[in-house]
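# Coordinate analysis (summary)
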Amino acid sequence: MEKLLEILEELQPDVDFEKCENLVDGRYLDSLTILSLISEIEDAFDVQIPTVEIIPANFNSAKKIWELIERLQEE
Amino acid sequence: MSYFDILYFLVFVPIVVIVYNIFPKKIRPLILCIASLVFYLFYSKFLIVFLLLSILSIYLSGRWMSSLDKKKEMALEQAKKEEKKEIKEKVQKKKRWILLGTILFNVAFLFFFKYLGFFTRVTNQLLQVAHVDVCFKIIKCAAPIGISFYTLQAISYLVDVYHEKFVAEKKFFKVMLYLSFFPTIVEGPITRFQEVSSTIYEGVRVSYHNFCFGYQRILLGLFKKIVIADRLNIFVKSTFDNFSIYSGMTLACSAIFYTILLYMEFSGTMDVVIGTAEIFGIQLPENFRQPFFSKNISEFWSRWHITLGTWFKDYVFYPVSLSKPVKKITTFIKQKKGIRLSSLVMGAIALFAVWSLNGLWHGAGYHFLFFGYYHFTLILLGNIFEPTIAKICEKLKIDRKKKGYHAFQIVKTSILVFIGELFFRANTLHEGFGMMKKILTDFSWKDFGELFTIGLDIKDYFLLGISLLVILGISILREKKVSIREKIASKPIYLRWSIYYLLILAIIIFGAYGTGYVPVAPIYADF
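Treat the numbers as computed from the prediction; the structure is a model and nothing was measured. (Residues numbered from 1 in each chain as written. Chains lettered and ligands numbered in written order. Predicted model: local features only at pLDDT ≥ 70, side-chain atom pairs only at ≥ 80, totals over all residues. Heavy atoms only, no water.)

### Let's talk about the overall build of chain B
The number of helices and strands found in chain B is 19 helices and zero strands. Here the C-alpha radius of gyration of chain B, 25 Å, is about what a compact globule of 527 residues would show, namely 24 Å. Judged by the C-alpha coordinates and their principal axes, chain B covers about 80 × 65 × 60 Å. Split into buried and exposed, the 527 residues of chain B put 52% on the buried side. Of the contacts formed within chain B by residues at least 6 apart in sequence, a portion of 77% connects residues at least 24 apart. Within the structure as shown, chain B displays about 26,100 Å² of accessible surface, and the carbon and sulfur contribution to it stands at 68%. Averaging the positions of the 64 positive and the 36 negative side-chain charges in chain B gives two centres separated by 5 Å. (Helix = DSSP H or I, 4+ residues; strand = E, 2+ residues; numbered from the N terminus. Rg over C-alpha atoms; globule rule 2.2 N^0.38 Å. Buried < 20%, exposed > 50% of the residue type's maximum accessible area, 1.4 Å probe, protein only. Contact = heavy atoms within 4.5 Å. Areas by Shrake-Rupley, 256 points an atom, 1.4 Å probe, with all protein chains shown as cover. Lys, Arg positive; Asp, Glu negative; His and termini not counted. Charge placed at Lys NZ, Arg CZ, Asp CG, Glu CD.)

See the structure below:
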């Protein structure tokens with residue numbers, strides 16, 4: 001989780017990722033930032049994020065993103 | 001019968017409401033389905049065959065893919081660990097062929113009706129340039145109404161079933177209702193199956209509350225269309241059709257007026273559409289979220305025709321940017337130049353695909369393609385220069401969070417939108433450039449008087465000003481998340497009905513209809 005927070009903070013330093021729960025709905029993460037984030041996550045956690053998983057529910061908070069990573073790692 | 005015909009909101013909808021309420025809950029979705037087919041027959045006559053073929057193909061393919069998924073799950077339960085991957089891949093491959101085949105089948109209709117003429121013309125032009133003495137005949141035929149909308153919905157249904165987001169619907173009439181629902185069939189919003197299935201098949205009784213709320217929304221739509229859009233139509237039509245005789249100032253105003261007309265016509269239609277669905281307790285997604293409060297073009301497109309934007313984002317932008325060939329290119333760039341450039345390139349490739357399709361979706365013509373690439377360029381430049389602008393503002397000590405800066409951004413974005421819409425409305429790309437040239441080289445405040453000679457007099461401008469202020473007020477309240485309708489509903493009955501009567505009277509008295517006015521044809525129905 002710490003590694004994920006580091007990635008997020010590097011991409012968007014102004015956002016409090018530990019508290020924010022509407023990263024996509026609140027437009028803190030735009031499409032381009034999500035692309036960078038996916039690229040970073042895939043490298044850092046050795047997972048492949050399929051397009052079907054790119055929905056606001058999976059990216060609205062650091063916790064949700066972490067849950068997605070864990071789920072993909074298990075698969 | 002358009003959504004703005006008296007026949008629609010005073011005859012068709014009330015009849016459907018009565019019949020719908022007579023029948024029991026279970027039958028009501030079927031009533032909506034029949035009403036949708038009747039509505040479509042009114043509009044497109046025998047072309048309904050193509051809609052039915054699309055629905056049938058989507059239904060059968062969906063069922064086929066879901067049955068394969070079911071068989072896969074059963075096989076996986078009994079399979080050994082090393083066999084599982086092979087089973088999954090085998091099923092996925094089969095599903096991929098079904099998906100591609102059905103998408104091609106549906107897109108072929110779209111291509112035939114919408115693009116064959118354009119591409120034949122392009123081919124003839126290329127052959128002429130190459131001095132080949134061959135000229136293909138251009139076939140012209142009327143397209144089934146709403147084909148661009150229901151085809152996108154059909155694709156989203158199929159792709160979502162393919163990705164196992166939901167199991168394909170078993171009842172044929174339910175798929176038919178989803179794809180042909182009469183309020184959405186002509187101009188959208190482009191709905192997703194999961195988003196509407198919770199309410200569209202519920203068959204809830206039409207309540208007094210829903211009836212009033214639905215008709216309130218319809219009234220707002222009528223106001224936008226009949227009082228504002230139809231009033232501007234003659235001015236816009238005259239200036240765009242004969243631009244060479246008008247001054248640069250008039251043409252600049254024409255671009256602004258057309259943008260207002262388009263917004264009022266399309267968002268007004270959405271009010272009628274969403275209001276109609278609301279009567280039946282069906283919640284449709286919003287298509288507009290105060291687009292003219294946007295601070296940049298990217299934000300504008302997340303507030304304007306929202307359902308089209310999200311469709312392109314989900315089914316083109318992300319699949320293209322995360323596709324294997326694009327990933328190969330961007331991984332290489334990332335290793336050499338870092339993540340920022342690789343993300344920019346990844347986004348640029350996907351955006352190019354999105355805006356090529358977006359331009360073409362709006363119509364078969366060079367000016368529509370130009371419209372797409374114009375926005376692609378603006379969004380790309382916005383992405384590239386965002387860090388530079390942030391640095392410049394920091395150096396100049398400009399607070400980007402201040403209201404003054406926001407106002408500047410809103411004005412800048414609006415001007416860029418007006419330019420885009422000028423090319424969008426222009427009869428040809430050549431005429432679009434001609435108009436732009438006149439605006440830039442023949443602009444003089446002295447020509448102000450010309451604005452009062454093209455179908456609009458001082459009274460019209462006054463009415464337009466007041467009406468737009470009303471819409472602006474509503475937009476500001478919506479932006480502040482104030483629910484105006486709830487507020488009105490909480491007022492005493494005499495006040496509530498006074499507001500309704502005032503709105504009805506405003507439409508009847510100030511509506512731009514009768515001699516001297518030409519109503520705007522449903523613009524997005526042609527797309």
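### Remarks on the confidence of the model for chain A
Detailed reading of the predicted model is not advised wherever pLDDT is low. Residues at a pLDDT of 70 or more form 100% of chain A, whose mean pLDDT is 87. Helix α2 (residues 31-45) of chain A is the least confidently modelled element of chain A, averaging 86 in pLDDT, while helix α4 (residues 62-74) of chain A averages 91, the highest of any element. (pLDDT = per-residue confidence, 0-100.)

### What about empty space enclosed by the protein?
Residue and element names in this part refer to chain B. Tallied over the entire structure, the rule returns two cavities of 30 Å³ or more. In this structure, the largest cavity encloses a volume near 150 Å³. Around the largest cavity, the lining is made up of 17 residues, and of these Lys224, Tyr263, Ser267, Phe288 and Arg478 lie nearest the centre. For the lining of the largest cavity, the secondary-structure elements that each account for two or more residues are α8 (208-241), α9 (248-279) and α17 (458-479). Top contributing element to the lining of the largest cavity by residue count: α9, with five residues. Partitioned by chemical class, the residues of the lining of the largest cavity number seven nonpolar, four polar and six charged. The space that makes up the second largest cavity amounts to roughly 30 Å³. Every residue along the wall of the second largest cavity is listed here: Gly146, Phe149, Tyr150, Gln153, Leu179, Thr184 and Ile185. A per-element tally of the lining of the second largest cavity places helix α5 (residues 147-162) first, with three residues. When grouped by side-chain class, the residues that make up the lining of the second largest cavity number four nonpolar, three polar and no charged. (1 Å grid on protein atoms, 1.4 Å probe; cavity = no way out; pocket = protein on both sides within 12 Å on 5 of 7 lines; lining within 4 Å. Points joined across faces, edges and corners; volume = space filled by probe spheres on them. Nonpolar A, V, L, I, M, F, W, Y, C, P; charged D, E, K, R; others polar.)

### Description of the domain arrangement of chain B
All names here are of chain B. Its domain assignment divides chain B into domain 1 (26-203), domain 2 (211-284 + 448-527) and domain 3 (296-425). For domain 1 and domain 3, the distance between their C-alpha centres works out to 28 Å. Each side of the interface is counted separately: domain 1 has 16 residues, and domain 3 has 14 residues. In total, about 1,400 Å² of surface goes out of reach between domain 1 and domain 3, with carbon and sulfur atoms giving 64% of it. (Domains from an automatic or database assignment. Buried area = accessible area lost by both parts, 1.4 Å probe.)

### Looking at the environment of B:Leu261
Residues and elements named next belong to chain B. With respect to the element layout, Leu261 can be found in helix α9. For Leu261, a relative accessible area of 2% gives the class buried. Placed 151 residues apart in sequence, Leu261 and Leu110 show a C-alpha to C-alpha distance of 27 Å.

### Some remarks on the interface of chain B and chain A
Each partner contributes to the interface: chain B provides 18 residues, whereas chain A provides 17 residues. Summing both sides of the interface, chain B and chain A together bury roughly 1,600 Å²; the carbon and sulfur share of this comes to 62%. Seen at the junction of chain B and chain A, the total is two salt bridges. A salt bridge links A:Asp43 to B:Lys334, with the nearest nitrogen and oxygen atoms 2.3 Å apart. At the boundary of chain B with chain A, the tally comes to six residue pairs in polar contact (both at pLDDT 80 or more). Elements with a contribution of two residues or more to the side of chain B that touches chain A: α10 (297-303), α11 (306-321), α12 (324-337) and α13 (339-362) of chain B. (Salt bridge = Lys/Arg side-chain N within 4 Å of Asp/Glu carboxyl O. Polar contact = N/O pair within 3.5 Å; in protein donor to acceptor, adjacent residues only side chain to side chain.)

### Here's the deal with a positive patch on the surface
Residues and elements named next belong to chain B. On the surface, Lys93, Arg96, Lys324 and Lys328 cluster together into a patch of positive charge. Put simply, the parts of the chain that give the positive patch at least two residues each are α4 (81-129) and α12. Note that Lys93 resides in helix α4. (Patch = residues over 30% accessible without salt bridge, like charges linked within 9 Å, V, L, I, M, F, W, Y side chains within 5 Å.)

### Side note on the environment of B:Glu299
Among the secondary structure elements, B:Glu299 is positioned in helix α10. Note on B:Glu299: relative accessible area 10%, which makes it buried. Counting along the chain gives 114 residues from B:Glu299 to B:Thr413, while the straight-line C-alpha distance between them is 9.4 Å. In this structure, B:Glu299 is in contact with A:Arg27, B:Phe293 and B:Ser294, ignoring residues within four places of it in sequence. In terms of polar contacts, B:Glu299 uses its side chain to reach the backbone amide nitrogen of B:Lys295, at 2.9 Å. A distance of 3.0 Å separates a polar atom in the side chain of B:Glu299 from a polar atom in the side chain of B:Arg303.

### With respect to the packing of helix α1 (residues 6-22) of chain B against α9(B)
Residues and elements named next belong to chain B. The contact between α1 and α9 brings their axes to 11 Å, and the two run at 25 degrees. Relative to α9, α1 is oriented roughly parallel. For the pair α1 and α9, the crossing hand works out as right-handed. Here α1 contributes Tyr8, Val13 and Val17 to the contact with α9, which in turn contributes Val272, Thr276 and Ile279. For the contact of α1 with α9, the per-class residue count stands at five nonpolar, one polar and no charged. (Axes fitted to C-alpha atoms, helices over the stretch in contact; angles between N-to-C directions. Parallel < 35°, antiparallel > 145°, perpendicular 65-115°, else oblique. Left-handed = near helix turned anticlockwise from the far one by under 90°.)

### Focus: α9(B)
Residue and element names in this part refer to chain B. Look at α9: 46 Å from first C-alpha to last across 32 residues, which is about the 46 Å you get at 1.5 Å a residue. Burial analysis of α9 places 31 of its 32 residues in the buried class, the great majority of the element. Gly281 occupies a position one or two residues after α9 and carries a positive phi of about 75 degrees. (Expected span 1.5 Å × (residues − 1).)

### Section: the packing of aromatic side chains
Counted by the stated rule, this structure contains 61 aromatic pairs over all chains. Ring plane angle 75 degrees and centroid distance 5.3 Å describe the contact between B:Phe317 and B:Tyr318, whose orientation is recorded as edge-to-face. In this structure, B:Phe317 and B:Tyr318 share a single accessibility class: buried. A cation sits over an aromatic face here: A:Lys3 above A:Phe45, 5.3 Å from the ring centre. In this arrangement the basic side chain of B:Lys174 is found over the ring face of B:Tyr201, its NZ or CZ atom lying 5.0 Å from the centre. (Phe/Tyr/Trp six-rings, centres within 6.5 Å; stacked < 30°, edge-to-face > 60°. Lys NZ or Arg CZ within 6 Å of the ring centre and 35° of its normal.)

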